[in-house]
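One letter stands for each residue in the lines below.
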Amino acid sequence: MYVKSDLNTPLAKIRENAARFTASLQRHGSDEGRGQGIAFDVGLLKERDDIAAATVEDFGVIDLEMSKRRVIDSPGLDPRPGS
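Bear in mind that the values here come from a model prediction, so they are computed numbers and not experimental data.

A.B. asks: Would you mind going over helix α1 (residues 8-29) with me for this structure?
C.D. replies: Think of an α-helix as turning once every 3.6 residues; residues three or four places apart then point the same way. An ideal rise of 1.5 Å per residue puts 32 Å on 22 residues; α1 measures up with 32 Å between its terminal C-alpha atoms. Here α1 has its buried residues at P10, I14, N17 and S24. One side of α1 carries all its buried residues, which in axial view fall inside an arc of 85°. Among the exposed residues of α1, those pointing more than 90 degrees away from its buried face are N8, R15, E16, Q26 and G29.

Take a look at the structure:
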């Protein structure tokens, strides 16, 4: 029985993490960190590291699922005439 894989969840997480990363970049360029010293910058960098790690994990889920699909390699599905 064919079970359709769920790629929507990791894709939604990637979109969410991209928004979080952008927000972190905007915070870095804002006046919020003025007077807070390097600790503010380091905190934002750690936050972005966590976001990047989550994004890599989500891409791994997508890659694993997509690597199971062999439509291109399937001899019965060759779209070329006479194949």
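A.B. asks: Explain the pattern of salt bridges to me, please; I cannot follow it from the model alone.
C.D. replies: If charged atoms from side chains of opposite charge come close, those side chains can pair. Summed over all chains, the structure comprises 4 salt bridges. Note that R27 and E47 form a salt bridge whose closest N and O atoms lie 3.4 Å from each other. Here the residue R27 occupies a position in helix α1, and E47 occupies one in helix α2 (residues 38-67), the gap between them amounting to 20 residues. For R27, a relative accessible area of 30% corresponds to the partly exposed category. Through salt bridges with shared partners, one network takes in R27, E32 and E47.

Criteria and thresholds
Residues numbered from 1 in each chain as written. Predicted model: local features only at pLDDT ≥ 70, side-chain atom pairs only at ≥ 80, totals over all residues. Heavy atoms only, no water. Helix = DSSP H or I, 4+ residues; strand = E, 2+ residues; numbered from the N terminus. Expected span 1.5 Å × (residues − 1). Buried < 20%, exposed > 50% of the residue type's maximum accessible area, 1.4 Å probe, protein only. Arc of directions from axis to C-beta. Salt bridge = Lys/Arg side-chain N within 4 Å of Asp/Glu carboxyl O.

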